[in-house]
Amino acid sequence: MSLQAPLWPIAAARAIIGLLWLFSLRWKLPPDFMPAEGRGLMDWLQLEVAHAAFPFYGRLVEQLVLPNFTLFAWMIFLAELLVGLSLLAGAFTRLGALLGLGLALNLGIGLLEVPGEWPWSYAMLAMWHGLFFVTGAGRVWGLDGLRSRN
């Protein structure tokens with residue numbers, strides 16, 4: 001006898017994490033990538049430099065990302081928007097999950113030593129994206145499932 005777990009919990013988690021990415025965009029909105037109040041993207045990047053767990057990473061952010069802030073801010077904003085929409089809609093989910101995995105690992109590396117951050121949250125976020133990637137989580141309650149039927 002073979003038991004198979006239902007896939008709807010993975011689909012629900014996929015949609016919720018898609019919402020998480022979309023919700024996180026509110027503190028890095030164009031054109032200045034600053035929220036109405038609180039820390040914005042530039043502030044977090046400066047924290048990554050000041051509290052770099054890995055010196056090479058801190059130097060990379062300081063010497064490449066910060067001087068080209070607008071370019072990188074747009075890249076980050078668009079990447080997180082794409083991941084959020086992909087996961088929420090279950091469309092091109094493996095690609096969205098792979099991009100989300102990269103973003104989660106980057107966040108974990110960059111914020112590992114920032115005071116008040118809990119680095120395990122980024123490990124869990126990466127784990128979820130890995131799960132969405134290997135399961136093709138958009139096949140249930142997603143556009144990927146509709147596309148595969150046609």
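Scroll up to find the structure this text is about.
Source: prediction; values computed, not measured.

**Some remarks on the nonpolar core**
In a soluble, globular protein the nonpolar side chains are often hidden away together inside. If you look at the biggest cluster of nonpolar residues, it comprises 14 residues, and the most contacted ones within it are Ile17, Trp21, Val83, Leu87, Leu103, Leu125 and Phe132. Looking at this core, the elements that each hand over two or more residues are α1 (8–24), α4 (69–89), α5 (93–111) and α6 (120–135). Ranked by residue count, the leading element in this core is α1, at four residues. In contact with leucine 125, not counting residues within four places along its chain, are Ile17, Leu20, Trp21 and Ala104. Listed in part, the eleven residues of the second largest apolar core include Phe33, Leu45, Val61 and Phe69.

**Some details on a nonpolar patch on the surface**
Taken together, the side chains of Trp118, Trp120, Met124, Met127 and Trp128 define a hydrophobic patch exposed on the protein surface, amounting to about 600 Å² of accessible area. Here methionine 124 is to be found in helix α6. Classification of methionine 124 as partly exposed rests on a relative accessible area of 39%.

**Some words on empty space enclosed by the protein**
Taken as a whole and assessed by the stated rule, the structure comprises one cavity of 30 Å³ or more. By volume, the largest cavity amounts to about 60 Å³. What lines the largest cavity is Leu7, Ile10, Ala11, Thr135, Gly136, Ala137, Arg139 and Val140. Of the residues that constitute the lining of the largest cavity, the class distribution is five nonpolar, two polar and one charged.

**Let's talk about the layout of surface pockets**
Roughly 750 Å³ of volume is contained in the largest pocket. In terms of lining residues, the largest pocket is bounded by 32 residues, among which Trp21, Ile76, Glu80, Leu103 and Leu107 are the most central. Across the lining of the largest pocket, the residue classes break down as 23 nonpolar, four polar and five charged.

**Overview of the packing of helix α2 (residues 41–50) against helix α3 (residues 55–65)**
Following both chains from N to C, one finds α2 and α3 inclined at 135 degrees, their axes separated by 7 Å at the closest point. Classified by the angle between their axes, α2 and α3 sit oblique to one another. For the element pair α2 and α3, the recorded crossing hand is left-handed. Contacts between α2 and α3 involve Leu45, Glu48 and Val49 from the first element and Tyr57, Gly58, Val61, Glu62 and Val65 from the second.

Conventions used here
Residues numbered from 1 in each chain as written. Predicted model: local features only at pLDDT ≥ 70, side-chain atom pairs only at ≥ 80, totals over all residues. Heavy atoms only, no water. Core = buried A, V, L, I, M, F, W, Y, C linked by side-chain atoms within 4.5 Å. Buried < 20%, exposed > 50% of the residue type's maximum accessible area, 1.4 Å probe, protein only. Helix = DSSP H or I, 4+ residues; strand = E, 2+ residues; numbered from the N terminus. Contact = heavy atoms within 4.5 Å. Patch = residues over 30% accessible without salt bridge, like charges linked within 9 Å, V, L, I, M, F, W, Y side chains within 5 Å. Areas by Shrake-Rupley, 256 points an atom, 1.4 Å probe, with all protein chains shown as cover. Salt bridge = Lys/Arg side-chain N within 4 Å of Asp/Glu carboxyl O. 1 Å grid on protein atoms, 1.4 Å probe; cavity = no way out; pocket = protein on both sides within 12 Å on 5 of 7 lines; lining within 4 Å. Points joined across faces, edges and corners; volume = space filled by probe spheres on them. Nonpolar A, V, L, I, M, F, W, Y, C, P; charged D, E, K, R; others polar. Axes fitted to C-alpha atoms, helices over the stretch in contact; angles between N-to-C directions. Parallel < 35°, antiparallel > 145°, perpendicular 65-115°, else oblique. Left-handed = near helix turned anticlockwise from the far one by under 90°.

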